[in-house]
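# Summary of the model geometry
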Amino acid sequence: ETEEFLEAFQKRVDAEQKIEPNDPMPEGYRRTLVRQISQHAHSEIVGMLPEGNWITRAPTLRRKAALLAKVQDEGGHGLYLYSAAETLGVSREELTDQLLTGAAKYSSIFNYPALTWADIGAIGWLVDGAAIMNQIALCRCSYGPYSRAMIRICKEESFHQRQGYEILLTLCRGTDAQKKMAQEAVNRIWWPALMMFGPHDSASTHSDQSMHWKIKRFSNDNLRDKFVNATVPQAEYLGLTVPDPNLKWNEEKQGYDYSDIDWDEFWRVVKGDGICNRDRIKARQKAHREGAWVREAALAFAEKRAGAADA
Ligand code: ACO
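Here the residue index of a chain counts from 1 through its sequence in written order. With the structure being a predicted model, the display of local features is reserved for residues of pLDDT at least 70 and the display and counting of side-chain atom pairs for 80 or more, all residues being used for whole-chain, interface and lining totals. Processing note: side-chain calculations cover all non-hydrogen atoms of the structure and skip hydrogens and water entirely.

## A short note on the overall build of the protein
Note on conventions: DSSP H or I runs of at least 4 residues are helices, E runs of at least 2 residues are strands, and numbering of each starts at the N terminus. Helices and strands together make up the secondary structure of the protein, namely 12 helices and two strands. Counting helices and strands in the order they occur from the N terminus, the protein gives α-α-α-α-α-α-α-α-α-β-β-α-α-α. In this treatment the radius of gyration is a C-alpha quantity, and the globule benchmark scales as 2.2 Å times the residue count to the 0.38 power. Rg of the C-alpha trace for the protein: 21 Å, near the compact-globule value of 19 Å for 311 residues, within the 12% margin. Expressed along its principal axes, the backbone C-alpha trace of the protein runs to roughly 70 × 50 × 30 Å. A separation threshold of at least 6 residues defines the contact pool for the protein, and within that pool the share at least 24 residues apart is 76%. Roughly 16100 Å² of accessible area belongs to the protein as shown, and the carbon and sulfur atoms make up 54% of that amount. A contact between two residues is defined here by any heavy atoms of the two lying within 4.5 Å. Areas reported here follow the Shrake-Rupley algorithm with a probe of radius 1.4 Å; residue values treat only the protein chains shown as occluding.

Laid out in structure tokens, this is it:
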């Protein structure tokens, strides 16, 4: 790749022109996008598991319908994102294989269990809330197919976030036991949700280059701070506390100060040693095995149709 080529590419990016699949692009740009988009797709697919587990136990028909729709949306998001990754010359089979063999990363958050119904509320509010904060910025990503997928995905995520918040609002207005269950869910999910934004900026290997290429628009810490600032007032409205004794409004920076994240826990989970990592991969392997007949039938049907067209 010549200096000239890289400079011309950067000029396009700086001028806010979208890069499209058939446009020339640096190999590093392509690789970074395949990495990020496929990790994002895997996160959506694995993200169906903790909540899918609660569909049969949702407390009312209305809650069940909303949760079912949300989990289906996540499957859809995974599919858009795999398609966006495929525009960069990688195959869906290759990506699926990376997930099933444990070679691929996906968001750390989905390696935590959903223990109570209140966790479903807290996941919608905090996990989808964190996802939106990150994904709104990605709507302006320089790569066209990814940015367009994000626009639709964010609309659906915003419904997910509201359904979660409304579950917690209902619990917080309920009995003492329900409110306690809501508080315990927030205590469990708060820190893992903050970890979703990725390592501290000083440990983020890809941020500088990704921001230069306008794949990322904000740093990990920057988005994390925005999330804390937006979410603490929502916790106050619920009458719940955030499990951080050092959380404090800082007038000067017009934002909250908060404790350090437990980075040992973060890296442990990212590297495969969280509470649910093994179960998640096992569940995906099982789904893949049990779906083999669908793939085979679709292939046989396509071949039959192609044969009929030839005849
Ligand atoms: N969980 C697992 N791995 C993570 C996490 C996390 N929360 N945060 C960072 N990592 C990984 C990165 O993937 C990277 O690994 P790699 O080099 O093997 O690919 C490594 O840690 C270093 O991190 P960064 O250099 O900061 O990586 P990056 O610039 O890609 O930033 C981020 C990480 C912010 C997650 C980015 O990839 C991103 O915005 N992704 C799209 C959003 C997304 O994937 N959301 C998924 C959860 S939301 C949902 O599914 C509903």
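## Thoughts on the site of the ligand
Being near a molecule or strand, for a residue, means having at least one of its heavy atoms within 4 Å of it. Inspection of the region around the ligand gives 29 residues, with Gln39, Lys105, Ser204, His206 and Lys216 positioned closest. Contact distances for the ligand include 3.0 Å between an oxygen atom and a side-chain N or O atom of Arg35. Here a polar contact is recorded for every N or O atom pair within 3.5 Å, except that within protein the pair must consist of a potential hydrogen donor and a potential acceptor, and residues adjacent in sequence are included only if both atoms are side-chain atoms. Met195 places a main-chain nitrogen or oxygen 3.2 Å from a nitrogen atom of the ligand. When contributions to the shell around the ligand are tallied by element, the ones reaching two or more residues are helix 2 (27-52), helix 5 (117-138), helix 6 (144-172) and helix 10 (263-270). Sorting elements by how many residues they give to the shell around the ligand places helix 2 first, with six residues. Looking at the shell around the ligand residue by residue, the class counts come to 12 nonpolar, 12 polar and five charged. Each residue receives one of three labels: charged for Asp, Glu, Lys and Arg, nonpolar for Ala, Val, Leu, Ile, Met, Phe, Trp, Tyr, Cys and Pro, and polar for the others, Gly being one of them.

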